[in-house]
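# Remarks on the overall topology
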Amino acid sequence: MHLLQLWNPNESNAISSIDTTLNPQWLNIIEQLTYPSFISIERCEVLAWNRAANEVIADFSALSFPERNMGVRNPGSN
């Protein structure tokens, strides 16, 4: 029932553009963290990560932007 309440049949089915602009201050923050951290958008696409995330979660630096989607990728397969 909850999903039916969220669904709006009058809303356009077009996918709206999602802003992927990264605030440089956010990048500074995650670079200072010692534990794995990354910034993603609502579509699970990773925009930025720190060294620990690159070593523990996935080698993000070796992946193209489409490959950095955590929703469709197995992060343990690096």
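Residues numbered from 1 in each chain as written. Predicted model: local features only at pLDDT ≥ 70, side-chain atom pairs only at ≥ 80, totals over all residues. Heavy atoms only, no water.

## Here we look at the pairing of strand β2 (residues 46-49)
To be explicit about the condition: Here a strand pair is declared whenever DSSP counts at least two bridges between the two strands. A run of H or I in DSSP counts as a helix once it spans at least four residues, and a run of E counts as a strand once it spans at least two, with each numbered from the N terminus.
Sheet topology places strand β1 (residues 38-40) next to β2; three bridges connect them, and they run antiparallel. Among the inter-strand pairings, I39 is bridged to a residue of β2, identified as A48. Counted along the chain from β1 to the antiparallel partner β2, the turn is five residues long, and its residue C44 has a positive phi close to 70°.

## Some thoughts on the pattern of salt bridges
The following threshold applies: Just to be clear on terms, a salt bridge is a Lys or Arg side-chain nitrogen sitting within 4 Å of an Asp or Glu carboxyl oxygen. Relative accessibility decides the category of a residue: with a 1.4 Å probe and only protein chains considered, values under 20% of the type maximum give buried, values over 50% give exposed, and everything between is partly exposed.
For the structure shown, the criterion picks out one salt bridge. A salt bridge links R43 to E45, with the nearest nitrogen and oxygen atoms 3.3 Å apart. Among the residues examined, R43 registers a relative accessible area of 34% and is labelled partly exposed.

## Comments concerning the confidence of the model for the protein
The test is simple: A score between 0 and 100, pLDDT records how confident the predictor is in each residue.
When pLDDT is averaged along the protein, the result is 82, and 72% of the positions lie at 70 or above. Considering each helix and strand of the protein separately, the mean pLDDT is smallest for helix α1 (residues 2-6), with a value of 64, and largest for helix α3 (residues 51-56), with 96.

## Structural notes on the packing of aromatic side chains
What counts is decided by this rule: Aromatic rings from Phe, Tyr and Trp, taking only the six-membered ring of Trp, are treated as a pair when their centres fall within 6.5 Å; an angle between ring planes under 30 degrees marks them as stacked, one over 60 as edge-to-face, and anything in between as tilted.
Overall, the coordinates contain two aromatic pairs when judged by the stated rule. Aromatic pair F38 and F60: ring centres 6.0 Å apart, planes at 50°, arrangement tilted. Placement of the pair is F38 in strand β1 and F60 in the segment after α3, with a sequence separation of 22 residues. Under the relative-accessibility criterion, F38 is labelled partly exposed at 33%. Overall, F60 belongs to the buried group, its relative accessible area being 0%. Note on W49 and F60: the rings are 5.4 Å apart at their centroids and 35° apart in plane angle, and the pair reads as tilted. A residue pair is termed long-range when its members are at least 10 positions apart, and W49 in strand β2 and F60 in the segment after α3 qualify at 11 residues. Here a set of aromatic residues connected by ring pairs shows up, and it is made of F38, W49 and F60.

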